[in-house]
Amino acid sequence: MIGIDWGTSSFRAFRIVDAGVTDRIASAFGIMQIAENGFEAHLRQAIGPWLAAGETRILMSGMIGSRQGWVEAAYLPCPADTASIAEALTQVPFCGCDLRIVPGLCGTDTVGTPEVMRGEETQIIGAGATGIVCLPGSHSKWVRVSACGRIEGFETIMSGEIFAALRKQTILGRMMPEAPHDNAAFDRGVARSGEPGHLLHHLFGVRALGLFDRLAPEQSASYLSGLLIGHEVRAYLLPGAPGSAHVTLLGSENLCALYTRAIIHCGGTASTGPADAAASGLALIGSMTRWT
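Residues numbered from 1 in each chain as written. Predicted model: local features only at pLDDT ≥ 70, side-chain atom pairs only at ≥ 80, totals over all residues. Heavy atoms only, no water.

**Here we look at the pattern of salt bridges**
So, point 1. According to the stated counting rule, one finds 11 salt bridges in the structure shown.
So, point 2. Among the salt bridges present, the one from Arg15 reaches Glu55, with a minimum N-O distance of 2.8 Å. With Arg15 in strand 2 (residues 11–17) and Glu55 in the loop between helix 1 (39–52) and strand 4 (57–61), this residue pair connects regions lying 40 residues apart in the sequence.
So, point 3. The partly exposed category is assigned to Arg15, whose relative accessible area is 21%.
So, point 4. In this structure Glu55 comes out as buried when scored by relative accessible area, which is 11%.
So, point 5. Among the ionic pairs, Arg44 bridges to Glu40, the shortest N-O distance being 3.2 Å. Linking Arg44 with Glu40, this pair stays in helix 1, spanning 4 residues, or about one helical turn.
So, point 6. The partly exposed category is assigned to Glu40, whose relative accessible area is 32%. (Salt bridge = Lys/Arg side-chain N within 4 Å of Asp/Glu carboxyl O. Helix = DSSP H or I, 4+ residues; strand = E, 2+ residues; numbered from the N terminus. Buried < 20%, exposed > 50% of the residue type's maximum accessible area, 1.4 Å probe, protein only.)

Dropping the structure here:
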């Protein structure tokens, strides 16, 4: 089987034999880099050698199944497990192969506002984690997974995108030169997130501290990062249970390191899941799929 993790800005393909990855391809050709109606041609070019070698089953997940992707795959409501996801795949015409797309998941927050994810569900399945799972990124996901591996619900936090916007498009960014990450400044931001005051008030403090030389310009971005991640962690790290909340992190090494640091500071514990969680998830879903 061929597994494809096709997101907004990246493309990853895995040749999977007996649940193990035997070959892989990665590129920056996410769905936003593909011309309209160009998905099939790009896929055939990327995995041509595997098709020539006899592969006839392809399973894709991620934004390729979004409204901006190849074919929109309907969202599957939570709670959802591997079996229910495997039953809800969307088939895509692709001469010579049985090609399917994993559905995204949907749910609501505590007051009924809709929540959606695409691609993260496959990573969660592949990681085999339970309890609280966090997938940090532009739109971080905090996911609740039952002991039996069922995804019960989740919420999305735009910390990554807000950090980028604040750096590029606000007055705060004018005080932030490019500089190496500063752990001490990051920790200071996390600590500030636990003090009285709204996040928006804390954000203005980034500028005020700089004006009074209490925060060096080269520390500002790290401080801002700690402030945003600190507020995020405090909101979703099982409030009221410091020291007992464990979070499994799935994502890039650098981001997971920052979130681990913030989680420990806020009284929790963290571990990082496997790097190949997406491939493992595709393999598990594929093993439960009724292929033609």
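**So, the sheet that holds strand 2**
So, point 1. Here 6 strands make up an open sheet; going across it, the order is 3-2-1-4-7-6 and the pairing mixed. Each end of this open sheet is capped by a strand with a single partner; those strands are strand 3 (20–27) and strand 6 (90–92). Strand-to-strand twist across the sheet, computed as the mean angle between neighbouring axes with direction ignored, equals 25°.
So, point 2. Relative to strand 2, strand 1 (residues 2–6) runs antiparallel, the two sharing 5 bridges. Residue pairing in the sheet places Ile4 in a bridge with Ala13 of strand 2.
So, point 3. Across the face of the sheet, helix 1 comes into contact with strand 1, strand 2, strand 3 and strand 4 while running at roughly 145° to strand 1. (Pairing = 2+ DSSP bridges. Axes fitted to C-alpha atoms, helices over the stretch in contact; angles between N-to-C directions. Contact = heavy atoms within 4.5 Å.)

**Regarding helix 1**
So, point 1. For helix 1, with 14 residues, the first-to-last C-alpha span of 19 Å sits near the 20 Å given by 1.5 Å per residue.
So, point 2. At Ala46, helix 1 shows its largest kink, close to 60°, and the proline Pro49 lies no more than four residues downstream.
So, point 3. Along helix 1, the residues classified as buried are Phe39, His42, Leu43, Ala46, Ile47, Trp50 and Leu51.
So, point 4. Here the buried face of helix 1 lies against strand 1, strand 2, strand 3 and strand 4.
So, point 5. Just downstream of helix 1, Gly54 is the residue with a positive phi angle, here 110°. (Expected span 1.5 Å × (residues − 1). Bend = angle between axes of the 7 residues up to and from the residue.)

**Notes on unusual backbone geometry**
So, point 1. At the junction of Cys78 and Pro79, the peptide bond is cis and its omega measures out at 0° in the coordinates.
So, point 2. Along the chain, Pro79 turns up in the loop between strand 5 (76–77) and helix 2 (82–86).
So, point 3. Its identity as a non-glycine residue notwithstanding, Asp18 has a phi of 50°, on the positive side.
So, point 4. Positive phi, normally seen in glycine, also occurs at Ala19, with a value near 70°.
So, point 5. For Ala19, the position within the fold is in the loop between strand 2 and strand 3.

**Points about the sheet that holds strand 9 (residues 114–117)**
So, point 1. Pairing in this open sheet of 3 strands is mixed, and the strands run 5-8-9 from one edge to the other. Edge positions in the sheet fall to strand 5 and strand 9, since each of these pairs with one other strand and no more.
So, point 2. Taken together, the 4 bridges between strand 8 (residues 105–108) and strand 9 define a ladder with antiparallel strand orientation. By the bridge assignment, Leu105 is partnered in strand 9 with Met117.

**Section: the environment of Ala28**
So, point 1. Structurally, the position occupied by Ala28 is in the loop between strand 3 and helix 1.
So, point 2. Residue class for Ala28 comes out exposed when judged on its relative accessible area of 55%.
So, point 3. For the pair Ala28 and Thr8, spaced 20 residues apart in the sequence, the C-alpha separation amounts to 9.3 Å.
So, point 4. When near neighbours in sequence (up to four residues on either side) are disregarded, Ala28 contacts Ser9, Ser10 and Gln33.

**Some remarks on the packing of aromatic side chains**
So, point 1. Going through the model one piece at a time under the given rule, you end up with 5 aromatic pairs.
So, point 2. Aromatic pair Trp70 and Phe94: ring centres 6.1 Å apart, planes at 70°, arrangement edge-to-face. Here Trp70, found in the loop between strand 4 and strand 5, pairs with Phe94, found in the loop between strand 6 and strand 7 (98–101); they are 24 residues apart in sequence, far enough to count as distant.
So, point 3. Overall, the relative accessible area of 19% leaves Trp70 in the buried class.
So, point 4. Note on Trp142 and Tyr236: the rings are 6.0 Å apart at their centroids and 25° apart in plane angle, and the pair reads as stacked. Of this pair, Trp142 sits in strand 11 (residues 140–145) while Tyr236 sits in helix 7 (residues 217–236), and the two are 94 residues apart along the sequence. (Phe/Tyr/Trp six-rings, centres within 6.5 Å; stacked < 30°, edge-to-face > 60°.)

Don't take any of this as a statement about function, it's just geometry.
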